[in-house]
Structure formats: C-alpha cells, structure tokens
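The lines below spell out each chain.
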Amino acid sequence: MGDRPKSQGSLTLPELHINLLRRIIGSARVASDSLIYSYHRSFNGFAARLTQAEHLKLSAYEGVVSVFPNKIVKLHTTRSWDFIGYPKNASTSTRRQQSNMIIGMLDTGIWPESQSFDASGYGPPPKKWKGRCQSSSNFTCNNKIIGARYYNAEGDYGPDDIPSPRDSEGHGSHTASTAAGNFVTSANLYGIANGTARGGVPAARIAIYKICWSFGCSNADILKAFDDACADGVDIISLSVGGGPMDYFRDPIAIGAFHCMKKGILTSNSAGNDGPAPGSVANGSPWSLTVAANTIDRKLTTNVKLGNGKTYNGSALNTFQPKKPTYPLIYGGDAPNKTAGYDGNVSKYCYSDSLDKNLVQGKIVYCVAASQGDGALAAGAVGAIMGNNEQGDVAFSFSLPISLLNETDGNDVVKYSNSTSGPTAVISKTVDYLDGSPAYAVYFSSRGPNTITPDILKPDLTGPGVNILAAWSKATTVTGDPGDKRVVPYNIISGTSMSCPHVSGAAAYVKSFHRTWSPAAIKSALMTTAQPLSAKYNPEAELAYGTGQIDPIKAADPGLVYDATEKDYIRFLCGQGYSTKQLQLVTRDPSACSAATNGTAWDLNYPTFALSATRSGASVTRVFHRTVTNVGSANATYKAMVKAPANLKVRVNPSVLSFKTIGEKKPFALTVSTVVKNYTISGILIWSDGKHMVRSPIAAFMSFSE
C-alpha cells in the first residue's frame, strides 16, 4: 500500500489494515484471524490469508498498489578480502568509524558463539539503534550482535529448524561473518584454507533478521524483515536471497529495498546462481546493488591416484584423510542393483538405490556424471570418482570422499578399471594453493540482461563468491546431508550468497567515511572504482560481471559519483509505465506522471550505459543524460576518455568538466550508436583528473522477454 500515510486519524496502521480486511472479507473476527503481518514501521502494507475472490476484490480497492501471492524464494548459496586488495590494516585503522556501522543481515540467522561474533572490546550499541533482540532460552545478543529477530508467518518448522534467531543451516553465519566478522586467526576447514578469517568491516555491528528456514524464504517474512530493519536503524541491508525476475511492485525485495532507499539505506542483493543462462539475473531493481560472483586465486584440488600410478587432479572439497594406501575400484555400470530393477545404463550414474551394495561396499565407485553422492554413500562405498565435470573452478563438499574429474580423465579411469584385474584407487584429502589466476565471473553466477528493464545494466558488479571460508553453525554439519557427522566452526562454500556480503561489507566501509552519502552515491562509488574483468574468460562481458570486482579502498575516494534520489527513481518508474495512482501511494507525494516527468531508463543517473535491441542487426542510437557530483578535490578538472571498438560510436559533450567546490554537480550527455549483434559490444567512458579514474562501462547487446 506504498509509503506510510502522513495522516491516519486515531487508528494505528495495524487497526486500519484489519478494518480494510473486514470490508473485504465481511467479518471482523475472520479479518483479524486472517492477518499475518502488518507492515507499518517503514512502509504501509500487510500479509493476510485470502481466497482468490478476496484477492481480486482487494486488488481493485482504493489505496492498494499491488497484491501478490506469498511465494517461497531460495538462498543464493578469508583469502577473499586479501585477493581484492583490501589488506588487514585497512580495516583496523578505522575501527571507531566502523563500530557505528550496523549491517542488517536477512538470512538464516546466526551462531552467536562463533569467534567471529565475539563481543570482547565492543562498547554499547550506537545510539541510533532502535531494534531489539528476540532472546530465548538458546539465544542472546551482545555488543557485536546488537539485535536479532526471526519470522515464520506460517509457523512451519522442520525437524532441524530452531524457532529463534539461532542459525541451524550455517548460511546466515557464513554471510554475516563475511560482511562484518571479527579477525579470527587460524580459521580453516580441517586444515584447508588456513588463515585469518575476517569481515569487510570487522568492527561493525550486526543485526540479524532470520527469514529463511528448511523450506526456503517466504515473501511475507522478507517484507516484514525489511519493515523492521529499516526502522531499527541499520546502515546497510545484505540479502543473499531471491527468486526469478519480477515486476518491481510485485517483488517483495524490490519493494522493501525501495522504501529503505528512501530512508538512506542501501540494499545489497545477490544476483542468483542460475548462470550462465542469459537473462537469469535476479534482484535487478535500479535502487538495489546487484552482485555477481567471481573467482579468487585460491584453488582447491582433490587428487585421484590409480593403481597404475597415474594421478589426476579433481575439483571437489574432500576433508577426509584416506586410511589406507589404496582401495578397490569398481565402475558403477558394473554394479547395478538388479533386485531393484536397475541395469548398468542407470547404475553408471550412481543414482540413489541404483547400486548393488554387495558389489560396492568398501570400494571406490566410478560414476559417469556428478551427483550429490547419496547413491554411493547408501551403497556403502568408501568414496566416489565422478566424471564429465567441466566446471573445475568450484569445489563442493560431499558426505564421503569424492573427486570430480573432467571427461577425458574420467574416461581414463574407466579404461583402467575395464582393463585391469583388481583395479585400485585412492582419493586424497583436498589441498589448497594460490595459482595467481585473474578473477572472472564464475559459471553459476546469474547473467544479464535485466529482463524487467534491459536498458539498466545488471549485474552491477562482482565480489568473491567461490571457495569462501567463513563462520558456520554447529547445529548442522559441513554438508547438512544425512549421515554427515562433521560439525565445524568454519566452512567453505560458494555462491552469489557469498559475493553479496563481500559487497555489503565494502558498502559499509565506504559509508563509514561518508555518513551523509545516499545509497546511490555509495553504489556509484563501488561501481566506478571496480577492477575491470576480462571478456576472455566471460564472453558475455558486462552481462556477466557488470563494472567488475569491488575495490573497497578506491571506492572510499571515487572522485565523482552518479547520485540519484527517490524523485529520480519515480521519474524512471513513470517512464516504465507505472500509473500516477500507484506512484502517489508509494511516495505519498501529490506529483503525477506526465510527459514532463516521464524519464527513460537511459536518463536515470546510473553509473553504467546500456543499449539493447530485440534482434541482431538492429541499428540503435541512444543519448544518455548524466550528472556527476564532485566528491574529490575542491578544484578539479576531469577529462573524458573513451575506449570503444570501431563498431561502437561514442561522443561525450562536454568532454571536460571543471569543478570549484566539493558537492558541485556537472551534467553531460553521452551519445552512443551501434548495430546490435548477438554478442556484447563493450566500450568504456573514464572521467579522470589525473588522480581518480571514474570508470563506466558501455554495453550493447540483444535483449529478450522471459
């Protein structure tokens, strides 16, 4: 129902919500029982149980922006800070500034006993804090975790769910420690990736909003968490959750982030793990920061040694030390569970129940494709080698020793097994090493274009999201799978869920220096100072990695920023076809959409430039109007530099911007012409004063509808 009304008479918003439901349903008692949440602290709305007829009746009611079903969305699931050039001493030098920062984590909760969240040396919470701690017999807050709430609209708890802010899955503890965990020396996973674990702002405070359970994350719970977090006094919201692309006013994350933006709070979102499919990027609203995942230079390798002496490098994460020099090896296709009706064409994949336990028990089984390993485990295998794995940049954990090989090496294992009497093999414990390789967007990271608004380039940037070591919950195991007995304080996992809190921490770091900067200014600083990645590894170019990998140190001093306010986003939404009625409810402002206020996506003051067309060969010309604000030196002159291929024509007017004061704004126009192809055509605009390099990608590409 948009923003909180400026006047609501003698009734509270929850009372008004029940009254509205009574008019829709026809019964005061049923209306009260149907109300699940009243959103009233930061914006105006509610969640309620309704029939389809009541839903339609409510949708047409005066004062309603949108009504949509409560769907379940999913989680997007050490060395990483060093890899991006953010040294330990950069964090400690600003501890006092950081201790006033509060990051709101919307996730699976937190494990408060972790060293990463120890409160030793912390003073009381910042005076701006208005939140609370839902304490219980098994959970208390401290001066590091200053607030914690949990939400479960349906009261649906699985056997492993804990009805408190305590984390029973590990994901929330991992993301919270990545964003703002303390320095913890000798953190590792069974000796793997040993080093100092830390968050981006180790001295910052953490506020926990537990929205995710064993069944997923409910839209109703997400909106209630936004409603509370934005009123509690957080500085940054970090949310590693999402579904598919959705209309902005039917997307609870976009709605919550919009209302928080109005209060000066930036929301950092994961882009999703549905890559490399084009158009798979989630959380694409222009007022949110959409974070893709990139690799780091730490690699994890799990070697397989065959009885013939040959060794192959695999890519899984194996914490198990072999107890014998070798084990018998069997090909899954030679061990079908015939009693259950399977033959070798099925058992070679090692599906659950497809293997004959009498043939497999005590052996290493070779499977022709990667799986969760549950089939091998159930059959009593001591390990599994899996072939046809071409994605060696990510190492996943399993409940038994496993190594994933590429197709060629896997075929060698099968040949050896078939040609040898009594074949043997051994799977080594994983070792980690630094290979110096450059960062690139990992295969699973969701790609653009942004299917809701193609001419807003998404994702915005990347953060480390592969093989990340961070805090874990002791209420679960390394994998969370049945049969896994490994309970650990730190774990290694991958996903845009891991890259998002890196950027959330970087955003809090920037805000600790610039408390008055808007969410758009912080976002611009991070984007225009990001390290460019190479299309050599990502042919989708900016549609894979946006502006590149975050550089927090440079982002604290970006030189110029592309700022935007609520009014800029409203003009953008007018141009996207939203009605005056809808936007007046959202803003509680009488201004209306008109020809004068309708803004195109190209004129939103965004730090990137996107041109799209629905077919290859289309000739496109766009004029982008932008305004930059000087946040560097008082007297500064910036000159435009353009780097673009011959088939991307770019003109900047004016090409020189002179500033006399900090905070001064200067407009410019960028005209871009090209013939769109079925690949990304990339260029770049850089504004430089000799010290700062304010970098904005220009990307032309084909768009499509879902």
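Rules of the game
Residues numbered from 1 in each chain as written. Predicted model: local features only at pLDDT ≥ 70, side-chain atom pairs only at ≥ 80, totals over all residues. Heavy atoms only, no water. UniProt positions renumbered as here; feature names shortened; annotations may be inferred. Helix = DSSP H or I, 4+ residues; strand = E, 2+ residues; numbered from the N terminus. Phe/Tyr/Trp six-rings, centres within 6.5 Å; stacked < 30°, edge-to-face > 60°. Buried < 20%, exposed > 50% of the residue type's maximum accessible area, 1.4 Å probe, protein only. Pairing = 2+ DSSP bridges. Axes fitted to C-alpha atoms, helices over the stretch in contact; angles between N-to-C directions. Core = buried A, V, L, I, M, F, W, Y, C linked by side-chain atoms within 4.5 Å. Contact = heavy atoms within 4.5 Å. Salt bridge = Lys/Arg side-chain N within 4 Å of Asp/Glu carboxyl O.

By the naming in an unreviewed UniProt entry, the chain is Cucumisin, taken from Linum trigynum. For the chain, the Sequence similarities (unreviewed entry) comment in UniProt is given as "Belongs to the peptidase S8 family." Per UniProt, the comment on the chain under Subcellular location (unreviewed entry) is "Secreted".

*Asks:* Report on the UniProt feature "domain: Peptidase S8/S53" (unreviewed entry) in the chain, specifying residues and quantitative values.
*Replies:* UniProt feature "domain: Peptidase S8/S53" (unreviewed entry): in the numbering of this structure it lies at residues 99-546. Note that residues 99-546 is 21% helix and 23% strand, and that its end C-alpha atoms are spaced 31 Å apart.

*Asks:* Summarise the packing of aromatic side chains; cite the residues concerned and give the values.
*Replies:* Counted under the stated rule, the structure contains 19 aromatic pairs. Seen in terms of ring centroids, Tyr37 and Tyr151 are 6.4 Å apart; in terms of plane orientation they differ by 75 degrees. Their pairing is edge-to-face. We classify Tyr37 as buried; its relative accessible area is 13%. An angle of 35 degrees between the planes, with centres 6.3 Å apart, marks the rings of Tyr331 and Tyr366 as tilted.

*Asks:* Could you give an account of the sheet that holds strand β27 (residues 609-613), naming the residues involved and the relevant values?
*Replies:* Read across the sheet, five strands follow the order β27-β34-β33-β29-β31 without closing on themselves; strand pairing throughout is mixed. Edge positions in the sheet fall to β27 and β31 (656-659), since each of these pairs with one other strand and no more. Each strand axis lies, on average, 15 degrees off the axis of its neighbour in the sheet, ignoring direction.

*Asks:* Outline the nonpolar core, listing residues and values.
*Replies:* Of all hydrophobic cores here, the largest spans 80 residues; its most connected members are Trp287, Leu526 and Leu573. In terms of residues, this core owes the most to one element, helix α14 (residues 496-513), which gives seven residues. Apart from residues no more than four positions distant in its own chain, Trp287 is found in contact with Tyr248, Ala254, Ala257, Phe258, Met261, Leu266, Lys523, Tyr569, Phe572 and Leu573. In this structure, Tyr37, Leu75, Ile146 and Phe226 belong to the second largest nonpolar core, which totals 32 residues.

*Asks:* Which residues make up the side chain of Lys224, and what values go with them?
*Replies:* Relative to the elements of secondary structure, Lys224 occurs in helix α8 (residues 219-232). On the basis of relative accessible area, Lys224 is assigned to the buried category, the value being 10%.

*Asks:* Can you tell me about the environment of Val360, naming the residues and giving the values?
*Replies:* Summarising the element assignment, Val360 is placed in helix α11 (residues 357-360). When its relative accessible area of 0% is taken as the criterion, Val360 is described as buried. Considering only alpha carbons, one finds Val360 and Ile684, 324 residues apart in sequence, at a separation of 57 Å. For Val360, the contacting residues outside a window of four places in its chain are Ala335, Leu355, Val365, Ala379, Gly380 and Ala381.

*Asks:* Can you tell me about the pairing of strand β18 (residues 364-367), naming the residues and giving the values?
*Replies:* Here β18 shows a buried face lined by Ile364 and Tyr366 and a second buried face lined by Val365 and Cys367. Sheet topology note: the β18/strand β19 (residues 383-386) ladder contains four bridges and is parallel. Pairing of Val365 across the sheet is with Ala384, part of β19.

*Asks:* Just give me the short version of the pattern of salt bridges, but keep the residues and values in it.
*Replies:* Per the counting criterion, the structure on display carries 23 salt bridges. Between Asp33 and Arg29 there is a salt bridge, and its shortest N-O distance comes to 3.5 Å. With Asp33 and Arg29 both in helix α2 (residues 28-34) and four residues apart, the pair spans about one turn of that helix. Residue Asp33 shares its accessibility class with Arg29, and that shared class is exposed. The partner of Asp232 in a salt bridge is Arg149, with the nearest N and O atoms 3.1 Å apart. Residue Asp232 is located in helix α8, and its partner Arg149 is located in strand β5 (residues 145-150); the two are separated by 83 residues in the primary sequence. By relative accessible area, which is 8% here, Arg149 ends up buried. One salt-bridge network, in which partners are shared between bridges, spans Arg41, Arg149, Lys224, Asp227, Asp228 and Asp232.

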